[in-house]
Amino acid sequence: MATQRITDFLATRRPSGPCLVVDLEVVRENFIGFRRALPGSAIYYAVKANPAPEILRLLASLGSSFDCASVAEIEMAMNAGATPDRISYGNTIKKERDIASAHALGVSLFAVDCVEEVEKVARAAPAARVFCRVLTDGAGAEWPLSRKFGCVPAMAIDVLETAHRLGLQATGVSFHVGSQQTDTEAWDSALADAANVFNTLAERGIVLTLVNMGGGFPTRYLKDVPTAEAYGQSIFAALSRHFGNRLPETIIEPGRGMVGDAGVIKAEVVLVSRKSATDENRWVYLDIGKFGGLAETMDEAIRYPIVTARDADRKEPCVLAGPTCDSADVMYEKVPYPLPITLTVGDEVLIEGTGAYTTTYASVAFNGFEPLRAYVI
């Protein structure tokens, strides 16, 4: 929800056009919450969630490390104060010249998920540490991340053996249980797979030391989600169950869970209409849509809380759409969104829980609309 600091900012600054406002105090509280929930795990903030320099500087000052998907994100983290040993190049799909650039900057930890990627790292970053991403099914996640990234555990063994043979440091295993993961037990089967990879390679003389447990930690949208403490207890129990007393070094990569609830988008109603005299649902068009930063409404996966000054009035289902000349720019239609019947042109709405995956998803200038402006307070 909008903090008092965000409410005061919007009331005094009155920014025109749609904009995101992020409260750094919420980010600080979330970081402390993760550190308390999983004190034995290093926190690698997923820069892609929101790379605002103010957020990166705050997290760097708090001792966070960073999960980066590109050389540009690596440079952002370093500019914010992170040293190369606090950076993971976590994208499994990298150009060889980008691997070389990251290596030249001092980054030594790289993600892989196939032999071909290992060969690139061996050529461009000799003796680097690599961890292999293992596929998970993503059950329980609202934004699954399976299929495109990772390999089956049996292949991960071959990948890490190849890395060892080519002179790299076969360091460990990673996985991602899916973004906005609401099942606290989702890490259990993935950790079982990781333990099997550890044990098999140990039998072959390769000792792994790291499990990157990825992100997936949710933010609250329309439904309550488990606390960071609940995830921490479940994950630690699963680690103990599968690794016994010889716990590996562990990493977590919160992104959405770190910044999602810290941000609110202020938007405006541009039009309210119907498609026929008998149309059951009004169409409500906002000055922001899928191309302006709300890409995660694709397939209606993420349903954001929407707050208006008219929320005391009766609500009826609406089709909610963006302003662009593209028929795909509809956020909620399969399951219409309840909004006040009195909502009208010019009304402002607050879209909550939008601190993650909004500014970086916004188009540069589709239809001439400027990218989503952001204020970090």
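Everything that follows concerns the structure shown earlier in this document.
Everything numeric in this text was worked out from a predicted model, so none of it was measured.

Cut-offs used in this document
Starting from 1, residues in each chain are numbered consecutively following that chain's sequence as written. Residue-level local features of this predicted model are given only where pLDDT is at least 70; pairs of side-chain atoms are given and counted only at 80 or more, and the full residue set underlies all totals for whole chains, interfaces and linings. Only hydrogens and water are set aside; all other atoms, that is, all heavy atoms of the structure, feed into the side-chain values. Whenever a carboxyl oxygen of Asp or Glu lies within 4 Å of a side-chain nitrogen of Lys or Arg, that contact is scored as a salt bridge. By definition, any uninterrupted DSSP run of H or I lasting at least four residues is a helix, any uninterrupted run of E lasting at least two residues is a strand, and each is numbered from the N terminus. When a residue's accessible area, from a 1.4 Å probe over protein chains only, is under 20% of the maximum for its type it is buried; when over 50% it is exposed; and in between it is partly exposed. Read the arc as the range of directions from the helix axis to the C-beta atoms. Here, two residues are considered to be in contact whenever any of their heavy atoms come within 4.5 Å of each other. Each helix should span, by expectation, one fewer than its residue count multiplied by 1.5 Å.

A. Looking closely at the pattern of salt bridges. If you walk through the whole model with that rule in mind, you get 16 salt bridges. Ionic pairing is found between E296 and R256, a salt bridge with its closest N-O pair at 2.7 Å. With a gap of 40 residues between them, E296 in the loop between β13 (282–286) and β14 (306–308) and R256 in helix α10 (residues 256–259) connect regions that are remote in the sequence. Like E296, the residue R256 is buried in the burial classification. Ionic pairing is found between E300 and R303, a salt bridge with its closest N-O pair at 3.4 Å. Relative accessible area serves as the criterion here: at 14%, E300 is assigned to the buried category.

B. Focus on helix α1 (residues 4–13). Among the residues of α1, I6, F9 and L10 are the ones counted as buried. Buried residues of α1, viewed axially, fall in a sector of 95°; they line one side. Relative to its buried face, α1 has exposed residues pointing more than 90 degrees away, namely Q4, A11 and T12. Lining the buried residues of α1 we find β1 (19–22), β12 (263–273), β17 (348–352) and β18 (373–376). Once α1 finishes, R14 follows within two positions and takes phi at roughly 45°, a positive value.

C. Here's a closer look at helix α7 (residues 153–165). Look at α7: 19 Å from first C-alpha to last across 13 residues, which is about the 18 Å you get at 1.5 Å a residue. The complete set of buried residues in α7 reads A156, I157, V159, L160, T162 and A163. Contacts from the buried residues of α7 go to β5 (109–112), α6 (115–124), β6 (129–133), β8 (169–174) and α8 (187–203). Following α7 by one or two positions, G167 has its phi on the positive side, about 90°.

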